[in-house]
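Listed here are the chains, written in short residue letters.
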Amino acid sequence: QSALIQPASVSGSPGQSITISCTGTSSDVGGYNYVSWYQQHPGKAPKLMISDVSYRPPGVSNRFSGSKSGDTASLTISALQAEDEAVYYCSSYRTSATVVFGGGTKLTVL
Amino acid sequence: QVQLQESGPGLVKPSETLSLTCAVSGYSISSGYFWGWLRQSPEKGLEWIGSISHTGGTYYNPSLNSRVTMSVDTSKNQFSLHLSYVTAADTALYYCTRGGRAAATDAFDIWGQGTMVTISS
């Protein structure tokens, strides 16, 4: 079982918004503002979409946004597009200087 | 444009040492950043193995600490991973990455394409 808990799948229609949750503990998500989100298309390496909870790296669409409340972080994708269909992973710094990941959420664009 | 490329054997025997190298182009490692290794398998998902600074400081996942060694060769602009006493559980797709400037555990913004390593006799 992965250290951070994500739903196995979410879906939405083009133009809609979806939110993916990532639940940890006070030792990781809840204790630090070091949550990241990665997008992975089949056969490709993960791509950084959000870092430090809500920072969007240059080149990442502003349709992607991140937030956190307590031990749960969230990734919201607005105005869904077909190209957003992928697996999304969250990660967080954890006490004792390590990085932990969620099990991934498959986003299906209907 | 910064690019990373992993290289190394695709098949390693159990109990031996897995060795991979990551060649960096488009950026001089000696200029900064942390450089990391991660792996991905169906069983364990994504897993951070560890990171190394441009000055050679190393930071390893505590769960792998006793078996991991990383090094950096600024003259060749590459960094390496050595994982000893491998078992079938180490079979995975291995990625080299660029991390942040400030800490070994910063987000990974550039990834290599990945190299598959299978542990089998």
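For the structure, check the block above.
This one's a predicted model, so the numbers in the text were calculated from it and none came from an experiment. (Residues numbered from 1 in each chain as written. Chains lettered and ligands numbered in written order. Predicted model: local features only at pLDDT ≥ 70, side-chain atom pairs only at ≥ 80, totals over all residues. Heavy atoms only, no water.)

### A few points about the state of the cysteines
Here comes step 1: Within this structure, the stated rule accounts for two disulfides over all chains.
Here comes step 2: Each sulfur in the disulfide pair C22(A) and C90(A) lies 2.0 Å from the other. When the S-S torsion is 75 degrees, as for the bridge of C22(A) with C90(A), the disulfide is right-handed. Of this pair, C22(A) sits in strand 2 (residues 18-23) while C90(A) is found in strand 7 (residues 86-94), placing the two residues 68 residues apart along the sequence. The exposure classification of C22(A) matches that of C90(A), with both residues buried.
Here comes step 3: One disulfide bridge connects C22(B) with C96(B), the sulfur atoms lying 2.1 Å from each other. Measuring the twist about the S-S bond at about 60 degrees, one finds the C22(B)-C96(B) disulfide to be right-handed. Placement of C22(B) in strand 3 (residues 18-25) and of C96(B) in strand 9 (residues 92-98) is noted, with a sequence separation of 74 residues between them.
Here comes step 4: We classify C96(B) as buried; its relative accessible area is 0%. (Disulfide = S-S within 2.5 Å. Helix = DSSP H or I, 4+ residues; strand = E, 2+ residues; numbered from the N terminus. Buried < 20%, exposed > 50% of the residue type's maximum accessible area, 1.4 Å probe, protein only.)

### What about the sheet that holds strand 3 of chain B?
All names here are of chain B.
Here comes step 1: Read across the sheet, four strands follow the order 1-3-8-7 without closing on themselves; strand pairing throughout is antiparallel. Unpaired on one side and paired on the other, strand 1 (3-7) and strand 7 (68-73) mark the two borders of the sheet. Neighbour to neighbour, the strand axes of the sheet diverge by 20 degrees on average, direction disregarded.
Here comes step 2: Bridge count between strand 3 and strand 8 (residues 78-83): six bridges; the pairing is antiparallel. Counted as the bridge partner of A23 is Q78 from strand 8. (Pairing = 2+ DSSP bridges. Axes fitted to C-alpha atoms, helices over the stretch in contact; angles between N-to-C directions.)

### Overview of the nonpolar core
Residues and elements named next belong to chain B.
Here comes step 1: Of all hydrophobic cores here, the largest spans 28 residues; its most connected members are L4, L18, W35, W37, F79, L81 and Y94.
Here comes step 2: Elements with a minimum of two residues in this core: strand 3, strand 4 (34-41), strand 5 (45-53), strand 7, strand 8, strand 9 and strand 11 (115-119).
Here comes step 3: Counting residues per element, this core draws most heavily on strand 3, which supplies four residues.
Here comes step 4: Not counting chain neighbours up to four residues away, the residues in contact with L18 comprise V12, L81, H82, L83, V86, Y94, V117 and I119. (Core = buried A, V, L, I, M, F, W, Y, C linked by side-chain atoms within 4.5 Å. Contact = heavy atoms within 4.5 Å.)

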